[in-house]
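# Results of the structural survey
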Amino acid sequence: MKTRTIATVTGADRSGLLNLLAKLTRQMDGVWTASKVIHMGGQVAIMLDITLPDSNIKELKERFEAVHRLHCVFNDPPQETPHEHLLALHVDADDRVGLIRDITAAVHEMDIDITSFNSVRLAAGGMGNTVFTASLELAAPSQIDAKVLVDKIESLEGNIRAEAEAA
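Remember, it's a predicted structure, so these values are computed and weren't measured experimentally.

## Examining the packing of aromatic side chains
Both the distance between ring centres and the angle between the ring planes are used here to describe each pair of aromatic rings. Tallying each qualifying case throughout the model produces one aromatic pair. For the pair F64 and F74, a centre-to-centre distance of 5.6 Å together with 55° between the ring planes defines the contact as tilted. Linking F64 in helix α2 (residues 57-65) with F74 in strand β4 (residues 70-75), this pair joins segments that are 10 residues apart in sequence. For the residue pair F64 and F74, the accessibility class agrees, reading buried in each case.

Next comes the structure, spelled out in structure tokens:
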């Protein structure tokens, strides 16, 4: 019988790491049904949705954990979200303390799940301030109107511009 697991692997980035994990997975008759890799500051975070025979999961965990300088966590996959309406939200703003907290709280208050959140803060050349930009992927109840979400985000403190569209 096959099983699914979600592996989260973090540690120092190095050449060939993804290939090594793929080989270890294949040796255990596993396949990656989805993957996400993030590189930042010489570190890597890898999330893998793996399907493999039940009898091989323990050994796959051991093989992943044996890779030098990696931290690995294996979890059962979450229950599927009841939200069916997918949205893409883009936010640009003058940066300020608490901005991410306020954006995520506004999304949460509308019973919307954040499935992906990518942000960056950039110095505005010669202006002496920092700008914030974020791209979010959201899973929302079908009755959510994207305009209501945009209005809620743009009503937050500061100079904020938001755009949302069906993903």
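After that view of the structure, there is still more to cover.
## Considerations on the packing of helix α1 (residues 17-27) against α2
At a closest axis distance of 10 Å, the pairing of α1 and α2 adopts a crossing angle of 160°. In terms of orientation, α1 and α2 fall into the roughly antiparallel class. Both α1 and α2 take part in a crossing whose hand is right-handed. Within the contact between the two elements, α1 uses L21, L24, T25 and Q27 and α2 uses L60, R63 and F64.

## Regarding the nonpolar core
By size, the foremost hydrophobic cluster in this structure holds 23 residues, and its most contacted members are L89, I112, L138, L149 and I153. If you list the elements that add at least two residues to this core, you get β5 (85-94), α3 (99-109), β7 (129-140), α4 (146-154) and β8 (160-166). It is β7 that contributes the most residues to this core, five residues altogether. Those residues within four positions of L149 in sequence are excluded, and the remaining contacts are L87, L89, V107, M110, I112 and L138. L24, V44, V67 and C72 belong to the second-largest nonpolar core, a separate cluster that totals 18 residues.

## Overview of the pairing of strand β3 (residues 43-53)
Most of β3 sits out of view: eight of its 11 residues are buried. Bridge count between strand β1 (residues 2-12) and β3: 11 bridges; the pairing is antiparallel. Residue pairing across strands places T8 opposite M47, the latter belonging to β3. Across nine bridges, the pairing between strand β2 (residues 31-40) and β3 is antiparallel. Opposite S35, over in β3, you have L48 as the bridge partner. In this antiparallel pair of consecutive strands, β2 and β3, the connection spans two residues, and G41 shows a positive phi of 55°.

What counts as what
Residues numbered from 1 in each chain as written. Predicted model: local features only at pLDDT ≥ 70, side-chain atom pairs only at ≥ 80, totals over all residues. Heavy atoms only, no water. Phe/Tyr/Trp six-rings, centres within 6.5 Å; stacked < 30°, edge-to-face > 60°. Helix = DSSP H or I, 4+ residues; strand = E, 2+ residues; numbered from the N terminus. Buried < 20%, exposed > 50% of the residue type's maximum accessible area, 1.4 Å probe, protein only. Axes fitted to C-alpha atoms, helices over the stretch in contact; angles between N-to-C directions. Parallel < 35°, antiparallel > 145°, perpendicular 65-115°, else oblique. Left-handed = near helix turned anticlockwise from the far one by under 90°. Contact = heavy atoms within 4.5 Å. Core = buried A, V, L, I, M, F, W, Y, C linked by side-chain atoms within 4.5 Å. Pairing = 2+ DSSP bridges.

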